[in-house]
Amino acid sequence: MAAENDIPLDALADSSRQRPAGGFDEFSAYPPIADYAFLSDCEVTALVAPSGSVEWMCLPKMDGPSVFGSMLDRDAGWFRFGPDEVSVTSDRRYLPGTMVLETSWDCGEGWLVVRECLVMGPWQHDHPDGSTHIRPPTDYDAEHMLLRTVRCVDGQAQLTLDCVPAFDYGRQHARWRHTERGYTQAVVEPEGLDLTLTLTSDIRLGLEGSSARGRTLLKEGDTRFCALSWGRRIPESYADAYRRLVWTAHHWQHWLSHGRFPDHRWRGHLARSALTLKGLTFAPTGAIAAAATTSLPETPGGERNWDYRYTWMRDATFALWGLYTLGFEWEASDYFAFLRDLVERDRGDLQIVYGIDGRRELDEHVLDHLNGYQGARPVRIGNGAYEQAQHDVWGVVLDSIYLHTKSRDRLDDQVWKMARQQVERALERWREPDRGIWEVRGEPKHFTTSKMMCWVAVDRGARLATLREDKDLARIWRKAAAEIHADICTNALDDRGVFCQHYETTALDASLLLMPLLRFLPKDDPRIRATVLAIADELTRDGLVLRYQVDETDDGLSGQEGTFTICSFWLVSALSEIDEHERARDICEKVLSYASPLLLYGEEIDPCSGRHLGNFPQAFTHLALINAVMHVIRKEQAAQRRAMAREVPEGEE
């Protein structure tokens, strides 16, 4: 950081809200992004700091206004439950196969173990009018409760509870009041909001305006609980709270048991990625949110801060691929049904991003009253990219339809109509420039990946037409796909035979790693190999992959950004496709080593420090992880089978 004398005098007047960009503040009160734990009930998500403080939670759904927002401003609400005067944990983990967090504390004179979750319970709706669920109901449902329990396992320790909600992204505080239960329950009802929070505990609660506080001394064997509810169900005792926590743990373990995971040293990464994707799924519609947060910076102290609590169409193909690969056909079907509903409702005129409830309008606003994570401003809600033209959307939909159809070996009339609409859109627009897969806010260009995704739309459409035995249409679309393919090969290659970011440039772009994955050319084509190796050698920092060089791309923003973890995993998959097995395995091992302590990933990794950047946890990163890890595992398994076959003596096969 610069010395105080180097800071302009006008900045000193508000130094608490500004800091130089480009580096981490090592003395910040904000925990590193990767140190947060992630909780979900598939309607609401929460991020828990190592101190035991819930610092991000939005209600009544994951893209609603925050109630606890101190992740973006230390005064924007929090909920701490943990030992007094101790903020550094001894250990944190998820109970195996669950989204139940366990934190162990060495308090000097004793040890405390805290377990917490967003509660899942049995299905509770008697009539559809009382539910927002569109997809087929399961046996489980969110209970609309954040539950926290504690046990003193040795000695004695002082426990504190401090619940300070700040509604509407920290803009409104409200006063708690006790209920008829006396000191063990309080409610808060913010003015003008259809929301009531009920805090129930077996700890006596003192109310100080917008803060509900409690403290008690625990001795070995003592237990306590607290539950913050925004629904009808409220625990009556510690035993009741413990039963609900166990039910929640069993729900997650039962769900995970339906998956197919290889017996491999990276199985834990796959399982945690699957749980994270499920946690980012909005159960009522089947949509998958890109991340749980908004405005966590892609550049320390910078302006590359976006709201990712929505669902992007481009995630669809990778979501379906990952879910089908790991055996979660139910979730894949729900997500595909969400896409189908959007296409039908919007008559094929698709946006690139939607609300998790399917809404179209995501107007972008800046929250000037929030300081931002480590001073990174602006803090944004909404996402203006929903108004952009991005031509990859049609290829995403058609590839998703193609994957879905292959999984079922049938193509019904409704899905076929959906496919034809999207192919026709691609054929109408593929010659036009757009904003590209990275949603650049500079001038539109003829982005290579956008053109390739238009080719994907028409190519997959031709395959589906063949399945429908519409030979004339299949022939027409194959011819059109060949035209798009030829246009790309003519205009997107540089003198080295490397595919470039857009026409009329030699800049590289990591999205071109999708070419071998989408079968644009055979894996042994020299142009594919040259492109993958050029990105591996020239668009990396310390082995991690950048999206593009910011000084070569007019993205409408200033400053640098970290390496994109999605792209690093894409490189693993692409290297595996072109038979660079050892290099793919080594890079995969390296990127996996950057996982957070709880095996979660943000959007980016700073190659110098290894710290995570961007919104957290990031669905697209975990989808790319599944793809990359499965590529490497399958190559390893094939090599092992070949080696074993060579070792079998003749006559003993």
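Coordinates for the structure precede this section.
Description of the structure in this document. In this convention, every chain numbers its residues from 1, walking through the sequence in written order. Where local features are concerned, this predicted model is filtered to residues with pLDDT of at least 70; where side-chain atom pairs are given and counted, the filter is 80 or more; whole-chain, interface and lining totals use all residues. As a convention, hydrogens and water are excluded, and side-chain values are obtained from all of the structure's heavy atoms.

Elements are defined by DSSP. Helices are runs of H or I of four residues or more, strands are runs of E of two residues or more, and each kind is numbered from the N terminus. If you tally the helices and strands in the protein, you get 15 helices and 26 strands. For this measure, only C-alpha atoms enter the radius of gyration; the expected value for a globule follows 2.2 Å times N^0.38, where N is the number of residues. Expected size for 653 residues packed as a compact globule is a radius of gyration near 26 Å; at 26 Å, the protein falls within 12% of this value. Considered along the principal axes of its C-alpha atoms, the protein spans approximately 75 × 70 × 60 Å. Every one of the 653 residues in the protein was classed for burial, and the buried ones make up 62%. Two residues qualify as a contact provided that any one of their heavy atoms is within 4.5 Å of a heavy atom in the partner residue. A fraction of 67% describes how many contacts in the protein between residues 6 or more apart in sequence connect residues 24 or more apart. To measure how exposed things are, a 1.4 Å probe is used in the Shrake-Rupley method; for residues, cover is taken only from the protein chains shown. Of the accessible surface of the protein, which amounts to about 26100 Å², a share of 47% is contributed by carbon and sulfur atoms. Within this scheme the basic residues Lys and Arg register as positive and the acidic residues Asp and Glu register as negative, but His and the chain ends are omitted. We put the charge of a Lys on NZ, of an Arg on CZ, of an Asp on CG and of a Glu on CD. Computed over 74 positive and 101 negative side-chain charges, the separation of the two mean positions in the protein equals 4 Å. To sort residues, take the accessible area from a 1.4 Å probe on protein chains only and compare it with the maximum for the residue type: under 20% means buried, over 50% means exposed, and anything in between is partly exposed.

Turning our eyes to something else, we now look at empty space enclosed by the protein. The way it works is a 1 Å grid over only the protein atoms, where trapped points that fit a 1.4 Å probe form a cavity and open points with protein on both sides within 12 Å along at least five of seven lines form a pocket, and then any residue with an atom within 4 Å of a point lines it. Grid points are joined across faces, edges and corners, and a volume is the space filled by probe spheres set on the points. A complete count under the given rule lists 6 cavities of 30 Å³ or more for this structure. Estimates place the volume of the largest cavity at around 340 Å³. What lines the largest cavity is a set of 24 residues, and nearest its centre among them are Tyr308, Trp438, Glu439, Arg547 and Glu603. The classification used treats Ala, Val, Leu, Ile, Met, Phe, Trp, Tyr, Cys and Pro as nonpolar, Asp, Glu, Lys and Arg as charged, and all other residues, Gly among them, as polar. Looking at the lining of the largest cavity, its residues break down into 13 nonpolar, 2 polar and 9 charged. If you add up the space inside the second largest cavity, you get close to 100 Å³. Arg314, Thr317, Phe318, Asp392, Val396, Ile437, Thr449, Met453, Leu514, Leu518, Trp570 and Phe620 are the residues that line the second largest cavity. Contributions of two or more residues to the lining of the second largest cavity are made by helix H5 (315-325), helix H7 (392-408) and helix H9 (448-467). Taken together, the residues of the lining of the second largest cavity break down into 8 nonpolar, 2 polar and 2 charged.

It is worth spelling out the pairing of strand S6 (residues 91-94) at this point. Where burial is concerned, the two faces of S6 differ: the one with Arg92 and Tyr94 is buried and the one with Asp91 and Arg93 is not. Two strands qualify as a pair provided that DSSP identifies no fewer than 2 bridges between them. Linking S6 back to strand S7 (residues 101-106) in an antiparallel pair, the connection comprises 6 residues, with Gly97 at a positive phi of about 75°.

If you walk across this open sheet you meet the 3 strands as S24-S25-S26, and the pairing is antiparallel. Sheet topology places strand S24 (563-564) and strand S26 (612-613) at the edges, where each strand pairs with a single neighbour. Bridge count for strand S25 (residues 604-605) against S26 is 2 bridges, and the pairing is antiparallel. Residue pairing across strands places Glu604 opposite Leu613, the latter belonging to S26.

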